[in-house]
Amino acid sequence: MAAENQEILHRLRRVEGQIKGLQKMILKEEPCSDILMQVAAARSAINKVGTLIFESHFRECLERAQEEGNMDDFIRSLTSLMDRYVK
């Protein structure tokens, strides 16, 4: 497995731990402010995972588009993907 995929899996496991921690915080009725801080941390971590996946996809597709001389299709595809990702 590529090093990039290992990094993504590592980050996803960390997010999984954060979510489990949030569940425990809810069960223990921790203060809302503490819970919200952990929600923000988990959201940030999952956003970073998405960014890493996007970067990897971008590089692979760019290389293929350059080899095939298909830059217009690449740009359309990338624009569509970015639109869906940032929502």
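Scroll up to find the structure.
Worth saying up front: this structure is predicted, and the values here are computed from it rather than measured.

Caption draft 1: Focus on the packing of aromatic side chains. The final tally for this structure, using the stated rule, is two aromatic pairs. Ring centres of Phe54 and Tyr85 lie 5.9 Å apart, and the angle between their planes is 15 degrees; on these two criteria the pair is classed as stacked. With Phe54 in helix H2 (residues 32-68) and Tyr85 in helix H3 (residues 71-85), this pair connects stretches of sequence that are 31 residues apart.

Caption draft 2: Fine view of the side chain of Ser56. Along the polypeptide, Ser56 turns up in helix H2. For Ser56, a relative accessible area of 13% translates into the label buried. Among the polar contacts made by the side chain of Ser56, one reaches the side chain of Glu4 at a distance of 3.0 Å.

Caption draft 3: Quick peek at the nonpolar core. Residues Phe54, Cys61, Ala65, Phe74 and Leu78 constitute the largest nonpolar core, which totals five residues. Where this core is concerned, the elements lending two or more residues are H2 and H3. Broken down by element, this core gets its largest block of residues, three residues, from H2. Excluding residues within four positions of it along the chain, Phe74 makes contact with Phe58, Cys61, Leu62 and Ala65.

Caption draft 4: A look at unusual backbone geometry. Despite not being glycine, Glu29 has its phi angle at roughly 55 degrees, a positive value. Within the secondary structure layout, Glu29 lies in the loop between helix H1 (3-27) and H2.

Caption draft 5: Molecular detail of a negative patch on the surface. Side chains of Glu60, Glu63, Glu67 and Glu68 sit close together on the surface and give a patch of like negative charge. With respect to the helices and strands, Glu67 occurs in helix H2.

Calculation criteria
- Residues numbered from 1 in each chain as written.
- Predicted model: local features only at pLDDT ≥ 70, side-chain atom pairs only at ≥ 80, totals over all residues.
- Heavy atoms only, no water.
- Phe/Tyr/Trp six-rings, centres within 6.5 Å; stacked < 30°, edge-to-face > 60°.
- Helix = DSSP H or I, 4+ residues; strand = E, 2+ residues; numbered from the N terminus.
- Buried < 20%, exposed > 50% of the residue type's maximum accessible area, 1.4 Å probe, protein only.
- Polar contact = N/O pair within 3.5 Å; in protein donor to acceptor, adjacent residues only side chain to side chain.
- Core = buried A, V, L, I, M, F, W, Y, C linked by side-chain atoms within 4.5 Å.
- Contact = heavy atoms within 4.5 Å.
- Patch = residues over 30% accessible without salt bridge, like charges linked within 9 Å, V, L, I, M, F, W, Y side chains within 5 Å.
- Areas by Shrake-Rupley, 256 points an atom, 1.4 Å probe, with all protein chains shown as cover.
- Salt bridge = Lys/Arg side-chain N within 4 Å of Asp/Glu carboxyl O.
- Lys, Arg positive; Asp, Glu negative; His and termini not counted.
- Charge placed at Lys NZ, Arg CZ, Asp CG, Glu CD.

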